[in-house]
Amino acid sequence: MKLNQMVRNVYPKLMPYKCQLADLPVAEIERQLGISPIYKLSFNENPVGPSLKAKEAMMKELEVLNLYPSSTGDELQEKLAEREAVEKENIILSNGADEMIILIAQTFLNPGDEVVLPEVTFVQYLASTHQMDAVPVFAPMREDLGIDLDAILQKITEKTKLVFLCNPNNPTGKAIPLGEISAFLDQVPEHVLVVIDEAYHEYGVPGEYDSSVSLVKENKPVFVVRTFSKVYSLAAARVGYGIGSVEVVDAIHHVRPPFNVNSIAQAGALASLEDEEYLIQTLSLNQKGKEQLYTAFAELGLSFIKSNGNFVYVDTGKSSKEVFDSLAKKGIIVRDLSGYGLTTSLRISVGNEKANEALIEALKSMIKRVQITGGI
Ligand SMILES: *Cc1c(COP(=O)(O)O)cnc(C)c1O
């Protein structure tokens, strides 16, 4: 069998499936490093864990695992539609936001089509573009690492089909003001769909971040992606969803595998939405954790970006590879951003107080305080 001649010609561009340390589950990191506990601050996972109501609802589903679930997840679609004040037909579920991104690519991209994306953003947009043998076109960031919508506009050509925006952006935590997005959409040509990934929607800082769902309602060419993996702690259950025009949602349904969200995940997501207290608890823990990190980074003289997510972008001024390795030796796993050319920057998930404390202590022992006063 000549496998290398049989696989699609895009294979050399696809992501390797073998995980690096930062991408492994905690138990495997513990095994490889021989250290316990491990503080995994590389995946923006919610340290709270799923809502009790979600866990109960998911347990109940075990009784009827012999039955196929609703293929489109009717009940969850309806609940989400009600919350977002759209129609059920504007909602489509996916096996995590990651699947939604690949479904969008499968729906719209032919080989050679162009996809415009910011240079520093979530990596799955690039992976899905390559998967379809489409051509990624990178737009430079603003100097403050914000997404530059003018630069994106300049990269749009006749061949462009999709633009991916991440708002708030991973890994910077920066939000794009809604007014900017709205003005941008007015200038985007008719053959382009703008996908806005709002994986961190619930964490958005009031006054800085607003959802683009309002723009879907205004019939602008936009599709919004969300997930239950972050604020609702259901990362392993795999539930995401999209909000768009009936036409766009309908087109994506054509490539969506049947039963792509299992019944346990649907039940967990539905129950999570009912648990307001859980949301408040998570957001308050995240807020405290962010402040804990901000205070420590400021004391250490490190520059960081105030985040609209559950992670913080920080520039340590030292090789991020080296800082990553030293932290890993202490069981603390963060995200090294040198792959983006940000060779001294890290993205650190906001953990619980203990995890944040462990990170701060480790950084303190590693980084000498930078004197801000010019010196005498
Ligand atoms: C975590 C994340 C996702 C993936 O979420 P899943 O629902 O777990 O697939 C998508 N987009 C962004 C920006 C993320 O950070």
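Residues numbered from 1 in each chain as written. Predicted model: local features only at pLDDT ≥ 70, side-chain atom pairs only at ≥ 80, totals over all residues. Heavy atoms only, no water.

K.L.:
Residue-level account of the pattern of salt bridges, with values.
P.N.:
Tallied over the entire structure, the rule returns 15 salt bridges. For glutamate 45, the salt bridge identified is with lysine 40, shortest N-O distance 3.7 Å. In this structure, the salt-bridge partner of aspartate 144 is lysine 174, at a minimum N-O distance of 3.6 Å. Here the residue aspartate 144 occupies a position in the loop between strand S4 (135-139) and helix H7 (149-155), and lysine 174 occupies one in the loop between strand S5 (160-166) and helix H8 (178-187), the gap between them amounting to 30 residues. Looking at aspartate 144, the relative accessible area reads 37%, which means it is partly exposed. Through salt bridges with shared partners, a single ionic network connects Asp74, Glu78 and Lys88. (Salt bridge = Lys/Arg side-chain N within 4 Å of Asp/Glu carboxyl O. Helix = DSSP H or I, 4+ residues; strand = E, 2+ residues; numbered from the N terminus. Buried < 20%, exposed > 50% of the residue type's maximum accessible area, 1.4 Å probe, protein only.)

K.L.:
I'd like a rundown of the packing of helix H5 (residues 96-108) against helix H6 (residues 124-131), residues and numbers included.
P.N.:
Two numbers describe how H5 lies on H6: the axes approach to 9 Å, and their chain directions differ by 35 degrees. The two elements H5 and H6 cross, and the hand of that crossing is right-handed. Here Asp98, Ile101, Ile102 and Ala105 of H5 come into contact with H6, specifically with Gln124, Tyr125, Ser128 and Gln131. Along the lines of polarity and charge, the residues of the contact of H5 with H6 split into four nonpolar, three polar and one charged. (Axes fitted to C-alpha atoms, helices over the stretch in contact; angles between N-to-C directions. Left-handed = near helix turned anticlockwise from the far one by under 90°. Contact = heavy atoms within 4.5 Å. Nonpolar A, V, L, I, M, F, W, Y, C, P; charged D, E, K, R; others polar.)

K.L.:
How would you sum up the packing of aromatic side chains? Please name residues and give values.
P.N.:
Taken as a whole, this structure holds nine aromatic pairs when the rule is applied. Between phenylalanine 122 and tyrosine 125, the aromatic rings sit 5.7 Å apart at their centres with planes inclined by 70 degrees, giving edge-to-face as the arrangement. Under the relative-accessibility criterion, phenylalanine 122 is labelled partly exposed at 21%. Between the aromatic rings of tyrosine 200 and phenylalanine 311, the centroid separation amounts to 4.9 Å while the plane-to-plane angle is 70 degrees, which identifies the pairing as edge-to-face. Taken together, the residues tyrosine 200 in the loop between strand S6 (193-197) and helix H9 (213-217) and phenylalanine 311 in strand S10 (residues 311-315) connect sequence positions 111 residues apart. Each of the two residues, tyrosine 200 as well as phenylalanine 311, counts as buried. Here a set of aromatic residues connected by ring pairs shows up, and it is made of Phe122, Tyr125 and Phe164. Its guanidinium or amino end placed over the ring of phenylalanine 43, lysine 40 lies 3.8 Å from that ring's centre, counting from NZ or CZ. Above the ring of phenylalanine 311, the side-chain terminus of arginine 347 is found at 5.9 Å from the ring centroid. (Phe/Tyr/Trp six-rings, centres within 6.5 Å; stacked < 30°, edge-to-face > 60°. Lys NZ or Arg CZ within 6 Å of the ring centre and 35° of its normal.)

K.L.:
So, the site of the ligand: which residues are in play, and what are the values?
P.N.:
Taken together, 13 residues are adjacent to the ligand, and Asp197, Tyr200, Thr227, Ser229 and Lys230 come closest. Within the side chain of asparagine 170, one N or O atom sits 2.9 Å away from an oxygen atom of the ligand. For the shell around the ligand, the element with the most residues is H5, which contributes three residues. Each residue belonging to the shell around the ligand can be placed in one class, and the counts come to five nonpolar, four polar and four charged. (Near = heavy atom within 4 Å. Polar contact = N/O pair within 3.5 Å; in protein donor to acceptor, adjacent residues only side chain to side chain.)

K.L.:
Account for the domain arrangement of the chain, naming residues and giving values.
P.N.:
You'll often see interface size given as the accessible area lost when the parts meet. Annotation of the chain at the domain level lists domain 1 (3-49 + 277-373) and domain 2 (52-274). Computed from C-alpha atoms alone, the centre-to-centre distance between domain 1 and domain 2 is 24 Å. Taken residue by residue, the interface counts 29 residues in domain 1 and 32 residues in domain 2. Broken down residue by residue, the surface that domain 1 buries against domain 2 is led by Met15, Asn308 and Tyr340, which jointly contribute 27%. (Domains from an automatic or database assignment. Buried area = accessible area lost by both parts, 1.4 Å probe.)

K.L.:
Account for the packing of H5 against helix H10 (residues 246-253), naming residues and giving values.
P.N.:
At a minimum axis distance of 9 Å, the contact between H5 and H10 shows a crossing angle of 95 degrees. Looking at the two axes, H5 sits roughly perpendicular to H10. The segment H5 lies against H10, with Leu103, Ile104, Thr107 and Phe108 engaging Val248, Ala251 and Ile252. Across the contact of H5 with H10, the residue classes tally to six nonpolar, one polar and no charged. (Parallel < 35°, antiparallel > 145°, perpendicular 65-115°, else oblique.)

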